[in-house]
Amino acid sequence: MKLLYSLLLTIPTLIFAQVESPKSFLGYELGDKFSRHYQVVDYYEHLSENSENVKLIEYGKTYEGRPLLLAIVSSKQNLENLEELRLDNLRRAGIEEGTPKTNVPIVWLSYNVHGNEASATEAAIATTYELIKPGSNKSEWLENVIVIIDPCLNPDGRDRYANFFWQNASQPYNPDPNAIEHNEPWPGGRPNHYLFDLNRDWAWQTQIETKSRIKVYNQWLPQIHVDFHEQGINSPYYFAPAAQPFHELITQFQRDFQTEIGKNHAKYFDENNWFYFTKQFFDLLYPSYGDTYPTYNGAIGMTYEQAGHGRAGLGIIKQEGDTLTLKDRIAHHHTSGLSTIEVSVNNAQKLLDQFSSFFGDKPSLKYKSFVLKFDGNKDKFNALKSWLDDQGISYGSASGIKGLKGYDYRTGRESSFSVGKDDLVITMNQPKATLAHILMEPKTKLVDSVTYDITAWGVPYAYGIQAYATKQMVSVSAVEKTSKPIIKPPNKAYAFIGKWNSMDDARFLAALLKADIKVRFSEKPITYKGESFERGSLIIAKRDNKSITNFERVIIKLANEYERSLTTIQTGFMDAGPDIGSSDIRYLKKPKIALLGGEGTSSLAFGATWHFMEQDLGYPVSILGTDYFNRVDLSEYNVLIMQSGRYGDFGEAEMTKLMQWVSSGGKLIAVEGALNKLKDTDYSSLSSYKDDAAEKVHKELREKRSEDARMVSYEDREREFIKGFAPGAIYKVKMDRSHPLGFGYGDIYYTLKTGSSKVAYLDGNNVGVVVRKDDLLSGFAGQYAKEDMSETLVFGVENRGRGQIVHIVDNPLFRSFWQNGKLLMVNAMFFVGQ
């Protein structure tokens, strides 16, 4: 009887369980409050448990442990047949074998990639509910479309913003723009945990949120992708079509369909008398955005921008006196989202046909193959292969092919080359050809130099690999998988030697030091039993580590853990170069590293360094706040990283304290904007000009340029401005590889310049320099920027008392994707000044 009673109690629940509205479930109307992420998760779990039209997937977790979710919304029948629909879509792209038998397009809506653009997640909730609520006139769409909704790409950033607002907002909210609730403190809610801009990370996948998302994105490859954003409070709504420049490989259909979608949005916005604009500011070029990356993967990729951002709160007074409310912002995103789905449903077959065509033959591609020349650095090539695998880009090997002609990445000219057996070959005979071509191309065609982001990103340059782009299709075979080296410990060792040329070597060194294993490094090349070891090679001597029991086993165990090949030596007498006891074999004092953060520093540059230390290198760092810097005892540290920033409140007292620490033996690593605190001061020899005569010449040149600019028309002012700008251009750098800062590098390094400030050679060691203005290899640099770039410092070191200042003009950790620059930061921290 008790069992029957229990069953009777559950039957009404099973039969009558209904989807609750956001208001009913959350306890407030959307727009009355900012929902915290746990509430968003709870509501989507409710929808999944109570609606036959929603399937919820957790595809990962953030660095702070918050779940990353996808809500797949469609008809009951489609959800039951979901795996076949997914595979059919990949068959259209040629990624899976077979012929598709279904015809259901996929629309992917991504919300809140920037945490403080917080109306987006609220709009995601509204849109999801509108599609599935009882009696919805939108439910018929679900028979003919799969809608994938990512309600929050950046939960850590969103909660940082939401918590700020909850803690600081007036009740009721204060629309005065000066109120504290409209003015976030550093670093703001925009970035993720490590303060990365996740909307610049789609291609590079340096962050756990992006890596998790792209893995599942590539399992679907939607026909439509929308990235929902916010902009300044006084801006009208922005939707497609995008602005120029478009990348030349974006198809005519992709361009035209953006316009078709935009016109449909305009119909609804016109009905509501809402302002909007199109074709301005937001271009389709840089490949790592939430609109371009999907576009280069066959989708109609679009950005939608609503006024608001981190300033708007629940309501704010705009310049014309109107109040922009969170409810307004939700309504606009909600409308454009539904309009996007509507256009997709009404053009389903056309979308599917054009999607298939995108992945077909590629006669428009300039290059048919990219050949990356193996230089003996297996770690570098393994890192590249792993990244290519994450993209879904296939590659192979070829050998014995001679007489090819192609674009030489090093010289910028066409030259002859051959293909060796260990070279990596990426051909355009693959589904991901467009994406591969765009990421690999040595130069990107610009139809308009006024663009929203960097204009060069060639992957061979980023990895420091010599490459050729050829118009010939190279036949390839599969790359053979190599087994991991397993070393057996010798019975006895005088020392172990390890080579130094990759971040894998750097991680191994970090692990040794964290384990309190003492290490030396060679300042000159050495040879032992015919094997050569370049500068920077690591020496782990038994004499230094006599306190370690089972020394050989301990070192080899760690080497195997980090997949490092070590050479065992039984004597300190080298065949060539310095012996192990030489003064050229330097003892590496374990660095204790500090990083300046907080107000005045660039949150992006700081975050990239923080992430690099913890997630990439795996070495401890102490973060020191600029607001309490004067109270810190710097003698506890021997390395301090001063990343890019304005350092407006970092005055004479702070700089005096810092330079006294340097003079006493500290090492300051100053990067990019931080150099302005040193330039043309008594703290350093750093200057824009090599002498007074050069400064006079350049002053006269600036006056001439200013005079010319006075006659430029109002509408051409922006183009006049970019004459002195280099928005992400790649330059060839001459390196002094004999200096510890240059260990592990060749004679040439490729630098990504994101600024155009000229820096003259130091009085100290000029380790990396741009020699000629013609050393520009890829990307846009304005006329004046190019003229100013000759004989300019990129990396240098100068002594100050018993310490050093490492000057880094171009940030090698920019967005964490310039892989070949990372070892330089390790050199600066570990080797310089030892």
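Note: the structure precedes this text.
Residues numbered from 1 in each chain as written. Predicted model: local features only at pLDDT ≥ 70, side-chain atom pairs only at ≥ 80, totals over all residues. Heavy atoms only, no water.

## Describing the overall build of the protein
Along the backbone of the protein there are 23 helices and 34 strands. The C-alpha atoms of the protein give 29 Å as radius of gyration, which agrees with the globular expectation for 834 residues (28 Å, within 12%). By its C-alpha atoms, the protein is 85 × 65 × 60 Å across when sized along the principal axes. Of all 834 residues assigned to the protein, the portion counted as buried reaches 58%. Carbon and sulfur atoms form 47% of the exposed surface of the protein, whose accessible area is close to 34,800 Å². (Helix = DSSP H or I, 4+ residues; strand = E, 2+ residues; numbered from the N terminus. Rg over C-alpha atoms; globule rule 2.2 N^0.38 Å. Buried < 20%, exposed > 50% of the residue type's maximum accessible area, 1.4 Å probe, protein only. Areas by Shrake-Rupley, 256 points an atom, 1.4 Å probe, with all protein chains shown as cover.)

## Let's talk about the pattern of salt bridges
Between side chains of opposite charge, a pair can form when the charged atoms approach closely. For the structure shown, the criterion picks out 39 salt bridges. Salt-bridge contacts for Lys 318 lead to Glu 320; the nearest nitrogen and oxygen are separated by 3.2 Å. Take Glu 320: its relative accessible area is 44%, and that puts it in the partly exposed class. Within this structure, Glu 117, Arg 190, Asp 197, Arg 200, Asp 453 and Arg 815 form a network of salt bridges that share partners. (Salt bridge = Lys/Arg side-chain N within 4 Å of Asp/Glu carboxyl O.)

## Side note on the sheet that holds strand E24 (residues 585-587)
Strands sit in the order E23-E18-E22-E19-E24 across an open sheet of five strands; the sheet is antiparallel. Edge strands, defined here as strands with exactly one partner in the open sheet, are strand E23 (567-569) and E24. Averaged over all pairs of adjacent strands, the angle between their axes in this sheet comes to 30°, without regard to strand direction. Bridge count for strand E19 (residues 520-522) against strand E22 (residues 538-541) is two bridges, and the pairing is antiparallel. Looking at E22, one finds that Arg 520 is bridged to Ile 539. Across the face of the sheet, helix H17 (residues 551-561) comes into contact with strand E18 (495-498) and E22 while running at roughly 15° to E18. (Pairing = 2+ DSSP bridges. Axes fitted to C-alpha atoms, helices over the stretch in contact; angles between N-to-C directions. Contact = heavy atoms within 4.5 Å.)

## Observations regarding H17
Those residues of H17 lying buried are Phe 551, Glu 552, Ile 555, Ile 556, Leu 558 and Ala 559. For H17, the buried positions fall inside an angular range of 160° around the axis, keeping them on one side. Opposite its buried face, H17 presents the exposed residues Arg 553, Lys 557 and Glu 561, each directed more than 90 degrees away. Positive phi shows up at Glu 563, right after H17, with a value of about 55°. (Arc of directions from axis to C-beta.)

## Here we look at a negative patch on the surface
On the surface, Asp 680, Asp 691, Asp 692 and Glu 695 cluster together to form a negatively charged patch. Since its relative accessible area comes to 52%, Asp 680 is described here as exposed. (Patch = residues over 30% accessible without salt bridge, like charges linked within 9 Å, V, L, I, M, F, W, Y side chains within 5 Å. Lys, Arg positive; Asp, Glu negative; His and termini not counted. Charge placed at Lys NZ, Arg CZ, Asp CG, Glu CD.)

## As for the nonpolar core
Counting 152 residues, the largest nonpolar core has Ile 426, Leu 617, Ile 669, Met 829 and Phe 830 as the members making the most contacts within it. Broken down by element, this core gets its largest block of residues, eight residues, from helix H16 (residues 503-514). (Core = buried A, V, L, I, M, F, W, Y, C linked by side-chain atoms within 4.5 Å.)

## Topic: helix H7 (residues 155-168)
The first and last C-alpha atoms of H7 sit 20 Å apart over 14 residues, in line with the 20 Å expected at 1.5 Å per residue. Those residues of H7 not exposed but buried are Pro 155, Asp 156, Gly 157, Arg 158, Asp 159, Tyr 161, Ala 162, Phe 164 and Phe 165. Of the surrounding secondary structure, the elements contacted by the buried residues of H7 are helix H3 (37-50), strand E2 (67-73), helix H6 (119-132) and helix H8 (208-217). (Expected span 1.5 Å × (residues − 1).)

## Observations regarding the sheet that holds strand E16 (residues 424-427)
As a general point, the strands of a sheet are linked pairwise by backbone hydrogen bonds and lie either parallel or antiparallel. Reading across the sheet, the five strands line up as E15-E14-E17-E13-E16 and stay open at both edges, with antiparallel pairing between neighbours. Because the sheet does not close on itself, it has two edges, and the strands there are strand E15 (413-419) and E16. In this sheet, neighbouring strand axes are inclined to one another by 35° on average, regardless of whether the strands run parallel or antiparallel. Pairing of strand E14 (residues 401-408) with strand E17 (residues 467-470), which is carried by two bridges, proceeds in the antiparallel orientation. Of the residues in E17, the one forming a bridge with Asp 408 is Tyr 468. Of the strands in this sheet, strand E13 (369-372) and E16 are in contact with helix H13 (residues 378-391), which crosses E16 at around 25°.

## Thoughts on the pairing of strand E25 (residues 593-597)
Both faces of the sheet carry side chains from a regular strand, because those side chains alternate between them. Where burial is concerned, most of E25 is hidden: five out of the five residues are buried. Across the two faces of E25 the burial is the same, with Ile 593, Leu 595 and Gly 597 and Ala 594 and Leu 596 all buried. Relative to strand E27 (residues 639-642), E25 runs parallel, the two sharing three bridges. Opposite Ile 593, over in E27, you have Val 639 as the bridge partner. Sheet topology places E25 next to strand E26 (residues 622-625); four bridges connect them, and they run parallel. Each residue of the ladder has a partner; that of Leu 595, found in E26, is Ile 623. Each parallel crossover has a hand, and the one from E25 via helix H18 (residues 603-617) to E26 is right-handed. (Right-handed = clockwise from strand over helix to strand, strands pointing away.)

## What to know about unusual backbone geometry
Note the cis peptide between Gln 171 and Pro 172, where omega equals 0°. Between Ala 240 and the following residue, Pro 241, the backbone shows a cis peptide bond with an omega angle of 10°. Relative to the elements of secondary structure, Pro 241 occurs in the loop between strand E6 (237-238) and strand E7 (243-246). Unusually for a residue other than glycine, Lys 279 sits at a positive phi of about 65°. Mapped onto the secondary structure, Lys 279 falls in the loop between strand E8 (276-277) and strand E9 (283-284). Overall, Lys 279 belongs to the exposed group, its relative accessible area being 54%. The backbone of Asp 680 shows a phi angle near 55°, a positive value even though the residue is not glycine. Structurally, Asp 680 can be placed in the loop between strand E28 (667-671) and helix H20 (692-709).

## Focus on the packing of aromatic side chains
The geometry of an aromatic ring pair is captured by two quantities: the separation of the ring centres and the angle between the planes. Under the criterion given, the structure shown has 52 aromatic pairs. With centroids separated by 5.8 Å and ring planes inclined at 65°, the aromatic side chains of Tyr 367 and Phe 370 adopt a geometry described as edge-to-face. Ring geometry for Phe 606 versus Trp 610: centroids 5.8 Å apart, planes at 35°, classification tilted. Separated by four residues within a single helix, Phe 606 and Trp 610 lie in helix H18, roughly one turn from each other. Its relative accessible area of 4% is what places Phe 606 among the buried residues. (Phe/Tyr/Trp six-rings, centres within 6.5 Å; stacked < 30°, edge-to-face > 60°.)

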